[in-house]
Amino acid sequence: MPHSTAELGGWSTRYMTACCDPAEYDDVFTSKYARRTAKSFRASGLDDTAAKMADFAADQGPDGATVLEIGGGVGGLHLELLRRGASQATNIELSTAYEGEAARLLAESGLADRVTRRNADVVADPSAAPEADVVVLHRVVCCYPDFAALLGVAADRARRVLVFSYPRPRLLTRTETVMENLGYAIRGRTFRTFVHSPEAMLAVVAEHGHTPAIGGQNVRWQYTGTVREGPERP
Ligand SMILES: C[S@@+](CC[C@H](N)C(=O)[O-])C[C@H]1O[C@@H](n2cnc3c(N)ncnc32)[C@H](O)[C@@H]1O
């Protein structure tokens, strides 16, 4: 679904393409990037935004909740939710470069039998993503041009809770995004990052039956936790 720069609320989005080449996600989110994020998770656990997202998901999700993480990288967030009482997790990730590190983390945690990992673009192949009580996307919508399609799939899969994070729309993050995207353009890549409009994202999840229940922010990142309105789906 195409969106104009004006709809997306910021000049950093002018680099947006209809969609980038999915194969490029392996070149951007590499095994080196995976090693770095796994090392950081082993050393200090979740970053502060992910920790707050986990608190909300653990508080609002039912006992023994199932979890769907989209773009979960090495999987720190769903591992934390499993440690806090979730029963099963599925991770759908576009880049294949995380799998070695993710397998090591799973082996170390003893949780391998409760996690399913698939490599897919959930927008191109929504059938790869099962419904779950809790759906989480940490720092993912900013790596995908069509946030409406991505959040639409995520919200539809969330029986009870959806929680997602994204860059705050401010000069700092917009400038960083423009610089990053110039770097990708110079290297001939079609991959881009985005500062999508929070209002537009909230409108999408509302259209898909979710009501915002919590939010927070730090200097760069913002998160929103939502719950599904009406009777819970079985
Ligand atoms: C910045 S990384 C964040 C990884 C992890 N959530 C973290 O915070 O460490 C964004 C991830 O989202 C994944 N991603 C973006 N769009 C996706 C989509 N449509 N389907 C599946 N994964 C996606 C990318 O491959 C990438 O690994």
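Residues numbered from 1 in each chain as written. Predicted model: local features only at pLDDT ≥ 70, side-chain atom pairs only at ≥ 80, totals over all residues.

## Topic: the overall build of the chain
Check the secondary structure of the chain and you find 9 helices and 7 strands. The C-alpha atoms of the chain give a radius of gyration of 17 Å, which matches the 17 Å a tight globule of 234 residues would have. Each principal axis of the C-alpha distribution contributes one length, and for the chain these read about 45 × 40 × 35 Å. (Helix = DSSP H or I, 4+ residues; strand = E, 2+ residues; numbered from the N terminus. Rg over C-alpha atoms; globule rule 2.2 N^0.38 Å.)

## What to know about the packing of helix α3 (residues 31–44) against helix α6 (residues 99–109)
Here α3 crosses α6 at 25 degrees, and the two axes come no closer than 8 Å. Taken together, the axes of α3 and α6 are roughly parallel relative to one another. Together, S31, A34, R35 and A38 of α3 and G100, E101, R104 and L105 of α6 make up the contact between the two elements. Among the residues making up the contact of α3 with α6, the classes are represented as 3 nonpolar, 2 polar and 3 charged. (Axes fitted to C-alpha atoms, helices over the stretch in contact; angles between N-to-C directions. Parallel < 35°, antiparallel > 145°, perpendicular 65-115°, else oblique. Contact = placed C-beta atoms within 7 Å. Nonpolar A, V, L, I, M, F, W, Y, C, P; charged D, E, K, R; others polar.)

## Examining the site of the ligand
The full set close to the ligand counts 20 residues, and G71, G73, L94, S95 and Y144 are the nearest of them. The class makeup of the residues in the shell around the ligand is 11 nonpolar, 6 polar and 3 charged. (Near = placed C-beta within 6 Å.)

## Points about the confidence of the model for the chain
With 90% of its residues at a pLDDT of at least 70, the chain reaches an overall mean of 91. Confidence drops under pLDDT 50 across residues 1–18; counting only partners more than four residues distant or on other chains, this segment forms 36 contacts. (pLDDT = per-residue confidence, 0-100.)

## Overview of the pairing of strand β7 (residues 221–228)
Relative to β7, strand β5 (residues 158–167) runs antiparallel, the two being bridged by 7 bridges. Bridged to F164 within β7 is T224. Where strand β6 (residues 210–217) meets β7, 7 bridges bridge the pair, whose relative direction is antiparallel. Bridge pairing in β7 links T211 to V227. Remark: 3 residues form the turn of the hairpin made by β6 and β7, two consecutive strands paired antiparallel. (Pairing = 2+ DSSP bridges.)

## Focus: the sheet that holds β6
With mixed pairing, the 7 strands of this open sheet are ordered in space as β3-β2-β1-β4-β5-β7-β6. Each having just a single partner strand, β3 (115–119) and β6 make up the two edges of the open sheet. Put simply, the sheet's adjacent strands are angled 15 degrees from each other on average, direction ignored. The strands that helix α7 (residues 147–157) touches are β1 (66–70), β4 (132–137), β5 and β6; relative to β5, the one it contacts most, it runs at about 150 degrees.

## Quick word on the packing of helix α4 (residues 48–60) against helix α5 (residues 76–83)
Contact geometry of α4 with α5 gives a least axis separation of 10 Å together with a crossing angle of 40 degrees. Judged by the inter-axis angle, α4 sits oblique to α5. For the pair α4 and α5, the sense of crossing is right-handed. Here α4 contributes A50, M53, A54, A57 and A58 to the contact with α5, which in turn contributes G76, L77, E80 and L81. Class assignment for the residues of the contact of α4 with α5 results in 7 nonpolar, 1 polar and 1 charged. (Left-handed = near helix turned anticlockwise from the far one by under 90°.)

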